[in-house]
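The chain contents come next:
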Amino acid sequence: MKMQALYQSTKTDNTYRLSEVVSREHKCKCDQIPPAYPCENEKLVFIAVEGKDSKPDKKVVAFCKDLTPARAKNVAFMVVSSSGSEGARTLMDIVKSQGVNPVADVFECKVKGGIFGLGKVTDSDLANVKAWAKKIVDSFTE
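What comes next concerns the included structure. Only a predicted model underlies this, so the values are computations on that prediction, with no experimental measurement involved. (Residues numbered from 1 in each chain as written. Predicted model: local features only at pLDDT ≥ 70, side-chain atom pairs only at ≥ 80, totals over all residues. Heavy atoms only, no water.)

1. Points about the state of the cysteines
Applying the stated criterion to the full structure yields zero disulfides. Counting only cysteine sulfurs, Cys 30 is the nearest neighbor of Cys 28, a cysteine outside any disulfide, at a range of 7.6 Å. The structure places no disulfide on Cys 39, whose sulfur is separated from the nearest cysteine sulfur, that of Cys 64, by 9.6 Å. (Disulfide = S-S within 2.5 Å.)

2. Quick word on unusual backbone geometry
Note that the residue after Ile 33, namely Pro 34, is joined by a cis bond; omega there is 0°. One can find Pro 34 in the loop between β2 (29-32) and β3 (42-50). Although it is not a glycine, Asp 13 sits at a positive phi angle of roughly 65°. Mapping Asp 13 onto the fold places it in the loop between β1 (3-7) and α1 (14-26). The class of Asp 13 is partly exposed, set by a relative accessible area of 41%. Look at Asn 41: it is not a glycine, yet its phi comes out positive at around 60°. Mapped onto the fold, Asn 41 is located in the loop between β2 and β3. (Helix = DSSP H or I, 4+ residues; strand = E, 2+ residues; numbered from the N terminus. Buried < 20%, exposed > 50% of the residue type's maximum accessible area, 1.4 Å probe, protein only.)

3. Points about the pairing of β1
Burial of β1 is extensive: five of the five residues sit out of reach of the surface. Of the two faces of β1, the one holding Met 3, Ala 5 and Tyr 7 and the one holding Gln 4 and Leu 6 are both buried throughout. The pairing of β1 with β3 spans five bridges and is parallel. The partner of Tyr 7 across the bridge, within β3, is Ala 48. Two elements, β1 and β2, share four bridges in a ladder whose sense is parallel. Opposite Ala 5, over in β2, you have Cys 30 as the bridge partner. (Pairing = 2+ DSSP bridges.)

Structure (structure tokens):
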């Protein structure tokens, strides 16, 4: 199945770590947003974002607004946050308005914040995202 794992570039690299695990497990391209090459006829695109607040990153919003069914049929979101996944819901609405199917099951990685921002994802978080991604991929290959 043709797919990509994309991530919002962040200081913590948490979004990269989630996308990289999904990419390695499903042997697909891993790239930051915006990607070096645009999505083209992807059956599934995983997007990892930081959910600091309900307002998503401008680059991620622009990328989602540029998606069409010719570029991606389905999009699944992974959110790293200490406060919830409201920003992912906004992105889901954007891709849906473009005719792309947002996967309802959002992966939420709760990472405790500290004085210097978000903490790091754990090995347990990476195992959980791997299992979540497998469930999503399997649902499209049945």
